[in-house]
Amino acid sequence: MLKILVLIRRSVKNSFDNIRNEQLKYNLLQAIPFWIGSVITGFFAVSYAQLFAWGENLLNFILDWHTWMIFIIAPVGFVLSWWLVKEFAPNAKGSGIPQVMAAVELANPKEHKKIRNLLSLKIIIFKIISSVVLVIGGGAVGREGPTIQIAGSVFRKVNEYLPDWWPKISKKNMIMTGAAAGLAAAFNTPLGGIVFAVEELSKTHINYFKTALFTAVIIAGLTAQTLAGSYLYLGYPKTNDVSLMIMFPTILVAATAGILASQLSVIMLKINGWKKRKLKTDKANIVFLVVCALIIASIAYFINREILGSGKEIMERVLFTKDKHEDWYVPVLRMLGPALSFTSGGAGGIFAPALTAGASIGSVISGAIHLSPNETNVVILGGMVAFLTGITRAPFTSAIIVLEMTDRHSLIFHLMLAGMVSSIASILVSRHSLYDVLKVNFLTEIRQRD
């Protein structure tokens with residue numbers, strides 16, 4: 001096998017040596033790693049999405065068979081998901097976006113070797129397995145954040161495997177481009193991926209890597225579409241014939257969602273801090289996980305199963321059916337579920353759960369003030385942008401993602417308004433985003449360890 005790889009590398013080098021135009025040769029050598037990483041990312045994104053959907057379907061199949069099974073599969077799923085991460089890939093826990101943000105910061109001459117702790121093949125494997133196990137156990141987590149860490153790992157490994165004669169490529173640009181490609185492939189939102197890289201990850205001028213960023217997002221998206229077909233994450237909600245006055249309910253929902261999302265972030269960080277101080281042994285952690293799982297199981301069994309999973313079915317129901325108005329307590333459940341699941345120590349993102357929480361808030365408030373179905377859809381979409389903004393503090397990324405996943409370009413100003421209002425309101429609770437604090441925690445742990 002090693003001899004075959006050596007022969008392939010030698011053959012590739014000879015082929016490029018035959019190119020007489022040095023500028024063309026250099027540009028090709030710079031671009032090819034991004035193209036390869038993008039294709040692999042698209043494949044992983046689609047495969048992971050299908051596996052994650054299978055996990056959610058398996059959960060629903062089991063509960064449709066016997067609802068009481070949730071009291072068995074929830075504790076097993078939570079504990080097994082945590083154990084897989086703890087034993088094999090500790091930095092695969094949680095979303096994955098803070099890890100990528102930390103890796104970007106470590107991409108400097110002194111610390112670049114530490115990136116392997118956050119982005120690796122082992123991370124990819126156990127990120128996928130742990131998150132799927134957690135969702136089968138009823139965890140309220142998503143796959144989008146994990147897809148971003150997976151994509152960052154793919155791009156890092158592609159860069160690492162380049163032969164010595166290959167022109168050096170910036171590790172920072174490679175990771176940021178991978179993250180953008182991962183988000184684009186996960187949501188089928190190419191503009192969202194680009195804006196995410198610029199707004200959330202980039203501390204350098206976009207001109208230094210804009211071509212690589214754009215091509216990577218396009219190739220990853222096309223690869224995902226080739227494998228999964230062209231699709232919208234949510235579809236086309238009806239929003240026509242809505243007056244300008246809808247901006248006032250949108251502002252109300254955005255402010256509410258921003259404050260609640262920021263408060264949820266604070267609560268999750270406090271839970272993580274409490275766990276670190278108090279739960280010193282594996283036994284204590286297992287007891288905590290079982291209690292959390294039984295709380296979720298009890299709510300699912302006695303009150304409402306909508307506390308389980310990523311919550312995409314809630315978004316689809318309130319946007320595309322006549323059943324548009326959720327009960328008042330559903331937003332509470334859609335915050336409680338992620339709070340207990342995200343802090344479990346297993347792998348799983350909060351993008352989709354955040355969108356679901358925002359949708360449920362918009363649904364409840366629009367029902368309380370008796371909006372029309374189309375007006376309700378606008379307010380729900382605004383709530384989705386606002387809650388995601390409250391978590392990420394990236395209003396433009398949130399607005400563009402919701403815009404692209406629903407193809408509602410006519411609402412761009414409504415969605416940007418929701419993101420802006422949420423961004424301001426969320427600061428009233430906490431100045432720092434959930435991802436920023438978690439990024440600092442990962443950096444501190446890695447620097448102390450090494």
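For the structure given in this document, a descriptive report is provided here. The numbers attached to residues start from 1 for each chain and follow its sequence in the written order. Owing to the predicted nature of the model, reporting of local features is limited to residues with pLDDT of at least 70; listing and counting of side-chain atom pairs is limited to 80 or more, with chain, interface and lining totals taken over all residues. Based on all heavy atoms of the structure, the side-chain values leave hydrogens and waters out of the count.

Helix axes are fitted to C-alpha atoms over the stretch in contact, other axes to C-alpha atoms as well, and angles between N-to-C directions run from 0 to 180 degrees. Secondary structure counts use DSSP, requiring at least four H or I residues in a row for a helix and at least two E residues in a row for a strand, with both numbered from the N terminus. Contact geometry for helix α11 (residues 282–302) and helix α13 (residues 330–342): axes closest at 10 Å, N-to-C directions at 155°. Relative to α13, the element α11 lies roughly antiparallel. In this structure, α11 crosses over α13, and the sense of that crossing is left-handed. Here Cys292, Ile295, Ile296 and Ile299 of α11 come into contact with α13, specifically with Leu333, Leu336, Gly337, Leu340 and Ser341. Throughout this description, any angle smaller than 35 degrees is read as roughly parallel, any larger than 145 degrees as roughly antiparallel, any in the 65 to 115 degree range as roughly perpendicular, and the remainder as oblique. Each helix crossing is assigned a hand: it is left-handed if the near helix lies turned anticlockwise from the far helix by less than a right angle, otherwise right-handed if that turn is clockwise. Residues are treated as being in contact if the distance between any of their heavy atoms lies within 4.5 Å.

To continue, consider a nonpolar patch on the surface. Nonpolar side chains (Val, Leu, Ile, Met, Phe, Trp, Tyr) are joined into patches within 5 Å and like charges within 9 Å, using only residues with over 30% relative accessible area and no salt bridge. Residue exposure ignores everything except the shown protein chains as possible cover, and the areas themselves are Shrake-Rupley values with a 1.4 Å probe. One speaks of a salt bridge when a side-chain nitrogen belonging to Lys or Arg is within 4 Å of a carboxyl oxygen belonging to Asp or Glu. Taken together, the side chains of Trp68, Ile72, Val76, Leu80, Trp83, Phe88, Tyr301, Phe302 and Ile303 define a hydrophobic patch exposed on the protein surface, amounting to about 910 Å² of accessible area. Here the nonpolar patch gets five residues from one element, more than from any other, and that element is helix α3 (residues 70–88). Within the secondary structure layout, Val76 lies in helix α3.

Enumeration according to the criterion identifies 13 salt bridges in this entry. Two residues, Arg447 and Glu111, come together in a salt bridge whose shortest N-O distance is 2.8 Å. Of this pair, Arg447 sits in helix α18 (residues 434–449) while Glu111 sits in the loop between α4 (97–106) and α5 (121–136); the two residues are 336 residues apart in sequence, bridging distant segments of the chain. Residue exposure (1.4 Å probe, protein chains only): buried if accessible area is under 20% of the type maximum, exposed if over 50%, otherwise partly exposed. Here Arg447 falls in the partly exposed class, since its relative accessible area comes to 36%. Notably, a salt bridge pairs Glu144 with Arg143, separated by 4.0 Å at the nearest N-O pair. With respect to class, Glu144 is no different from Arg143; both count as buried. Through salt bridges with shared partners, a single ionic network connects Glu306, Arg317, Asp323 and Glu326.

We now examine the side chain of Glu306. Tracing the chain through its elements places Glu306 in the loop between α11 and α12 (312–320). N or O atoms within 3.5 Å of each other form a polar contact, as long as, within protein, one can give a hydrogen and the other can take it, and as long as residues adjacent in sequence are counted only when both atoms are side-chain atoms. Side-chain polar atoms of Glu306 contact the side chain of Arg317, separated by 2.3 Å. Setting aside anything within four residues of it in sequence, one finds Glu306 in contact with Ile314, Arg317, Glu326, Val330 and Arg334.

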